[in-house]
Amino acid sequence: MGRELPKGVRPRKADIQIWFMWNGRRYFEALPWAPAQANIERAGDLRAEIAQRIRYRAFTWEDYRQHFPGSPNLPEAKVPLFQEMAQLFLDGVEVSKATRSEYRKALNRYWMPTFALKQIDQIRTSEVRAAIKEVDFPSNKTRNNALIPLRGVFELAMEDELIPANPAAKVKNLKHQKPVPDPFSADERDAILEHIRQHENPVYWVYFGLAFHAGLRKPSELTALMWPSVDLRSLRLRVERKNSRGTVEDETKTGVIRDVILPESASTFIQEAKRLTYLQHKWVFINPTTGDRFITGKALNAAWRRTLKKLGIRHRDMRQTRHTCATQWLMAGMNPYFVAKQLGHSVTMTLTVYSKWLDQQGDQAEIAKANQEGKEEKCAENVPGIKKAVINVLK
């Protein structure tokens, strides 16, 4: 009399079949093992392990796939839709809150109408190009920025091995004209600050005074400035946080903490700030309407617009205060390396962005040399005996 077979095991001519009940259904699976006694016992052990996991509700389709990788009982793998992959991308992308918000807006506005309900593996490069042509982008820069999260969604799908290649990778960025600094002159700067001093709350005068003379980013760095980051004795500001869409984050735009040395022209403003808020608040700048820190730059921008309109000065946005500070420093002959440290830029960026004003500063120096040469020649003509010697030296 032969040995009793393990429960749920049936040896066949070339393999061994097992069965088990799961989710109210009987499943049959063939194991590619020769029907020898050792393999039959092995099949019984596997079947008992599966039954136990089912009993404790610990058996999953992932387990099923591991034990029976080629089984026809396996459900077809569900390929996520573009909208599902886009959400996974947004949930996992490591960028600032503001950048993530821009990605979300771009995906919703430009790509969801076309791709939302398409399986991620069914989208081709030709479809991406066609979708781009259908969109009336306001500028090439907007188009290029909108492509960043689109490429990111497909890149994530590649990492998950859902697609073999990124269908947006071959779509090139278009050239666009980068905005150049449009700073105010020293006279315009002084007129703006004087008008704000006379007609606006002192907080605005301090804010724009430091903006013009310290070169901090507006409003992200200035509205996030706290008194513990201000050294009143040495007149230094430590830039170590930013205001990102109303939330103060303990990081800067560049991810690097920097110390800004205040020039004498900024000392008046920081001393006035001390008088206004030092003993009352941890924030350097307090919105006079709300009595709390500035959440956005809306109130500041309103005061800015009023001032420029009253003075009849051509409108430029508040960011130009930073450009004004940088160009005035460079035209005064300050070392570009020092200016870059103050602004939180690389030296290369400083030289590239402000090359026009560096050239002007150099041109003025050369003209000064020419003017000095003319003075020396005139002086030589009036002094007997030295005219020839001076001219010879100048040649």
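Let me begin by describing the structure that accompanies this report. For clarity, every value in this text was computed on a predicted model and none was experimentally measured. In every chain, residue numbers begin from 1 and rise along the written sequence. Per-residue local features are limited, in this predicted model, to residues with pLDDT of at least 70; the limit for side-chain atom pairs, both in listing and counting, is 80 or more; totals at the level of whole chains, interfaces and linings are taken over all residues. Side-chain measures were taken over the full set of non-hydrogen atoms in the model, leaving aside hydrogen atoms and water.

### Things to note about the overall build of the chain
- Broken down by element type, the chain carries 15 helices and eight strands.
- Just to be clear, the radius of gyration here is over C-alpha atoms, and the globule rule we use is 2.2 Å times residues to the power 0.38. Rg of the C-alpha trace for the chain: 35 Å, well past the compact-globule value of 21 Å for 395 residues, more than 25% over.
- Overall, the C-alpha framework of the chain stretches about 140 × 60 × 45 Å when taken along its three principal axes.
- The buried label applies to any residue whose accessible area, calculated with a 1.4 Å probe on protein chains only, is under 20% of its type's maximum; exposed applies above 50%, and partly exposed to all values in between. Expressed as a percentage of the 395 residues in the chain, the buried residues total 39%. A run of H or I in DSSP counts as a helix once it spans at least four residues, and a run of E counts as a strand once it spans at least two, with each numbered from the N terminus.

### Details of the side chain of E272
- Within the secondary structure, E272 sits in helix α9 (residues 264-277).
- The definition of a polar contact used here is a pair of N or O atoms within 3.5 Å, where within protein one atom must be able to donate a hydrogen and the other to accept one, and adjacent residues in sequence count solely through side-chain atom pairs. Looking at E272, its side chain comes within polar contact range of the side chain of R275, at 2.5 Å.
- Should any heavy atoms of two residues lie within 4.5 Å, those residues are counted as being in contact. Apart from the residues within four sequence positions on either side, E272 is in contact with P202, W205 and V206.

### Considerations on the nonpolar core
- Residues enter a nonpolar core if they are buried and are Ala, Val, Leu, Ile, Met, Phe, Trp, Tyr or Cys, with the set joined through side-chain atoms within 4.5 Å. Counting residues in hydrophobic clusters, the biggest one holds 38 residues, and the most contacted among them are F208, L210, I270 and F285.
- Looking at this core, the elements with two or more residues in it are α7 (186-199), α8 (202-214), β5 (236-239), α9 and α10 (298-311).
- No other element matches the ten residues that α8 contributes to this core.
- With sequence-adjacent residues up to four places away left out, F208 is seen in contact with L193, I196, L300, W304 and M318.

### Structural notes on the packing of α8 against helix α11 (residues 320-331)
- As a rule, the C-alpha atoms of each element are fitted with a line to give its axis, helices using only the stretch in contact, and angles between N-to-C directions run from 0 to 180 degrees. In the contact formed by α8 and α11, the axes pass within 6 Å of each other and the chain directions differ by 40°. Between α8 and α11, the angle falls in the class oblique. Residues A211, F212, H213 and A214 of α8 form the contact with α11, whose participating residues are T321, R322, T324, C325 and W329.
- Taken together, the residues of the contact of α8 with α11 sort by class into five nonpolar, three polar and one charged. Roughly parallel refers to an angle under 35 degrees, roughly antiparallel to one over 145, roughly perpendicular to one between 65 and 115, and oblique to any angle outside these ranges. Three categories are distinguished: nonpolar for Ala, Val, Leu, Ile, Met, Phe, Trp, Tyr, Cys and Pro, charged for Asp, Glu, Lys and Arg, and polar for the others, with Gly belonging to the last.

### Considerations on the pairing of β5
- What you see with β5 is a clean split: L237 and V239 sit on the buried side and R236 and R238 on the side with no burial.
- Between strand β4 (residues 230-231) and β5, which follow one another and run antiparallel, lie four residues, and L235 among them has a positive phi close to 55°.
- With four bridges connecting them, β5 and strand β8 (residues 258-261) associate as antiparallel partners. Across the sheet, residue V239 finds its bridge partner in β8, namely R258. Should DSSP find at least two bridges between two strands, the strands are regarded as paired.

### Here's the deal with the packing of aromatic side chains
- Here the aromatic set is Phe, Tyr and Trp, taking the six-membered ring for Trp, and pairing holds for ring centres within 6.5 Å; pairs whose planes are under 30 degrees apart are stacked, those over 60 apart are edge-to-face, and all others are tilted. Tallying each qualifying case throughout the model produces 29 aromatic pairs.
- With 5.9 Å between their ring centres and 50° between their planes, W22 and Y27 make a pair best called tilted.
- Both rings, one in F212 and one in W304, keep their centres 6.1 Å apart while their planes meet at 40°; by these two values the pair is tilted. Of this pair, F212 sits in helix α8 while W304 is found in helix α10, placing the two residues 92 residues apart along the sequence.
- A ring is considered to have a charge above it if a Lys NZ or an Arg CZ atom is located within 6 Å of its centre and within 35 degrees of its normal. Sitting over the ring of W33, R42 keeps its end group 3.8 Å from the ring centre.

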